[in-house]
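As a plain string of letters, each chain reads:
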Amino acid sequence: MKLSLLTGKHALTCCRLSQSLTCVSVPNLSRVLLSFQSSFSRSLSYPRSHLTTNVALNYPRRTLTTTSSYNMPVELYSAEERGQENTDTLKVFVKDSTGPISPFHDIPLVANSEANTFHIVVEIPRWTNAKMEIDTKSPLHPIVQDQKKGKLRYVANSFPHHGYIWNYGCFPQTWENPNHKDESTQANGDNDPVDCCEIGHRVAKRGDVLEVKVLGTLAMIDDGEADWKMIVIDVTDPLAAELNNLEDVEKAMPGFLAATRDWFRIYKIPDGKPENNFAFDGEYQDAEFAGKILTETNLYWKQLVGLDEVVEDPGKLSIGNVLVEGSKENISREEASSILSDTAEFSSGPEQESSVDTWHYGHLKQ
């Protein structure tokens, strides 16, 4: 399988960190993001040590649990389910040691500057079908199930795939700006945080916060909008030490990158939609290129919440947060706790309809 690495045409070693371009070495990207963040006259309220604290790579794995509240691999955070499962009332809130926070705004993008690792928030565990996503328009941005025409959405099983084939989620403190045309794809952003596919062996839980290495990216064009799919791996995964780039992924997991691209190409066909398209003729871009995208979308997030001289109109997005000092909208700890307590406690719900497990073969008949 051919993997596209950066060529002279696409090599982007300059990251836009302000109105001017500042050249950085991408292996030190996370350190640059941290130092740039501290240069703002208004800084984030969480301690800098939270951004640079090493997450131990050998802590015991937590066991799966059926309770509504649980801890996760990055021990600073936990998640709590509220509402009734398999209904439109289900919400997953992310919390720190003090209470509920926003997974969109309050979790630092950078996990460990020395190790060049990042945080992600898992929305959809591997092998599940429910289309869960951070609700970017609601206070505290709980993870909810997407709906269309009043019905809960599930991704179809396009043979031989079943559900999502990785832990699917997004990077906090990033925003694909719909008002900006991306230079490399010539498409505007999709108004969401940057998506990611975590390819480790562990099946995560909704709301898990993971520390990951970024290995590369795929540039999907979804309804004319740029929709980056970052390929990442949990730093605690047994394969993490040997996976540092896309070539390593292909060597250790032959065919997986091709299957990932195929999944994104065909997954909407059972819904009567055409295949998805990709920039770069569907070829993956490497970790350095992916780093440039994270830097750029982190800057757009700063402009969204009011941490930059350039201020973007949030539109319908909720920019309220608990921890980002100097942002345009803040939510107090008391208000955040009230938002959580005002939702119904977690309870079991109806069984998922068996039709969700149906195999679809339409893409093989074309």
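None of these values were measured; they are calculated from a predicted model.

Asker: Whenever I open this one, the overall build of the chain confuses me. Can you help?
Answerer: Helix and strand counts for the chain stand at 6 helices and 21 strands. Looking at the chain as a whole, 55% of its 366 residues are labelled buried. Counting every atom, the chain has about 15900 Å² of accessible surface; 49% of that belongs to carbon and sulfur.

Asker: Where do I start with the nonpolar core in this structure?
Answerer: Looking at soluble globular proteins, one finds that nonpolar side chains tend to be buried together. Formed by 58 residues in total, the largest nonpolar core has its most connected members in W166, I199, V209, W263 and F264. Among all residues touching V209, those that are not within four sequence positions of it are M72, P73, V74, Y77, V94, I107, H119, I120 and V121.

Asker: Looking at this model, I keep getting lost on unusual backbone geometry. Mind explaining?
Answerer: Leaving glycine out, the prevailing phi sign among residues is negative, and the prevailing peptide bond configuration is trans. P160 follows F159 through a cis peptide bond whose omega is 10 degrees. For P160, the location among the structural elements is in the loop between β13 (157-158) and β14 (167-170). Phi at D223 is positive, roughly 50 degrees, even though this residue is not glycine. Counting through the fold element by element, D223 comes out in the loop between β17 (209-222) and β18 (225-234). A residue is classified by how much of its surface remains accessible, and D223, at 66% relative accessible area, is exposed.

Asker: Looking at this model, I keep getting lost on the packing of aromatic side chains. Mind explaining?
Answerer: The description of two aromatic rings rests on the distance between their centres and on the angle between their planes. Within this structure, the stated rule accounts for 15 aromatic pairs. Summarising the aromatic geometry, the rings of F159 and W359 are spaced 5.4 Å apart at their centres and angled 80 degrees between planes, so their arrangement reads as edge-to-face. A residue pair is termed long-range when its members are at least 10 positions apart, and F159 in the loop between β13 and β14 and W359 in strand β21 (residues 359-360) qualify at 200 residues. Overall, the relative accessible area of 36% leaves W359 in the partly exposed class. Consider the rings of F159 and Y361, whose centres lie 5.3 Å apart with planes at 35 degrees: the pair is tilted. Placement of F159 in the loop between β13 and β14 and of Y361 in the segment after β21 is noted, with a sequence separation of 202 residues between them. Here F159 falls in the partly exposed class, since its relative accessible area comes to 35%. Look at Y361 and you get partly exposed, because its relative accessible area is 38%.

Asker: Would you take a moment to explain the confidence of the model for the chain for this structure?
Answerer: Segments scoring low in pLDDT should not have their predicted coordinates read at a detailed level. Per-residue pLDDT for the chain has a mean of 86; in total, 81% of the residues score no lower than 70. In the predicted structure, residues 1-27 sits below a pLDDT of 50 and forms 60 contacts with residues beyond four places in sequence or in another chain. Here residues 34-67 is a poorly scored stretch, pLDDT under 50, and it has 74 contacts once near neighbours within four places are set aside; other chains count.

Asker: Any chance you could explain helix α5 (residues 287-305) here in plain terms?
Answerer: Counting along an α-helix, one turn takes 3.6 residues, and residues three or four places apart therefore face a common direction. The end-to-end C-alpha distance of α5, which contains 19 residues, comes to 27 Å, matching closely the 27 Å that a straight helix rising 1.5 Å per residue would cover. Counting buried positions along α5 yields 17 of 19 residues, so the element is predominantly enclosed. One side-chain oxygen at the N-terminal end of α5 lies 3.2 Å from the backbone nitrogen of E288; it belongs to D286. G306, located one to two residues past α5, shows a positive phi value of around 95 degrees.

Asker: Mind showing me how you'd approach the environment of V212 here?
Answerer: Structurally, V212 is set in strand β17. For the pair V212 and T117, spaced 95 residues apart in sequence, the C-alpha to C-alpha distance is 5.5 Å. Ignoring sequence-local partners within four residues, the contact set of V212 consists of T117, F118, I120, F171, E198, V232, I233, D234 and V235.

Asker: Where do I start with the environment of N188 in this structure?
Answerer: On the secondary structure map, N188 appears in strand β15 (residues 188-189). Using a relative accessible area of 27% as the deciding quantity, one classes N188 as partly exposed. Remark: the alpha-carbon pair of N188 and N177, spanning 11 residues in sequence, is separated by 6.9 Å. Excluding its chain neighbours within four sequence positions, the residues that come into contact with N188 are N177, P178, N179, H180, K181, G224, E225 and A226. Separated by 2.7 Å, the side chain of N188 and the backbone oxygen of P178 make a polar contact.

Asker: Explanation requested: the pairing of β17 in the structure shown.
Answerer: Successive residues of a regular strand alternate their side chains across the two faces of the sheet. Summarising burial for β17: 14 of the 14 residues are buried, a large majority. For strand β8 (residues 117-124) and β17, the ladder comprises 4 bridges, and the chain directions are antiparallel. Note on β17: the bridge partner recorded for H119 is E211. The pairing of β17 with β18 spans 10 bridges and is antiparallel. In the sheet register, G216 faces β18, and the bridge partner there is I231. Counted between consecutive antiparallel strands, the loop separating β17 from β18 contains 2 residues, among which D223 sits at a positive phi close to 50 degrees. The pairing of β17 with strand β20 (residues 285-286) spans 2 bridges and is classified as antiparallel. Paired with T217 across the strands is Q285, a residue of β20. Where β17 lies against strand β19 (residues 277-278), 2 bridges are found, and the strand directions are antiparallel. Bridge pairing in β19 links I221 to N277.

Rules used throughout
- Residues numbered from 1 in each chain as written.
- Predicted model: local features only at pLDDT ≥ 70, side-chain atom pairs only at ≥ 80, totals over all residues.
- Heavy atoms only, no water.
- Helix = DSSP H or I, 4+ residues; strand = E, 2+ residues; numbered from the N terminus.
- Buried < 20%, exposed > 50% of the residue type's maximum accessible area, 1.4 Å probe, protein only.
- Areas by Shrake-Rupley, 256 points an atom, 1.4 Å probe, with all protein chains shown as cover.
- Core = buried A, V, L, I, M, F, W, Y, C linked by side-chain atoms within 4.5 Å.
- Contact = heavy atoms within 4.5 Å.
- Phe/Tyr/Trp six-rings, centres within 6.5 Å; stacked < 30°, edge-to-face > 60°.
- pLDDT = per-residue confidence, 0-100.
- Expected span 1.5 Å × (residues − 1).
- Polar contact = N/O pair within 3.5 Å; in protein donor to acceptor, adjacent residues only side chain to side chain.
- Pairing = 2+ DSSP bridges.

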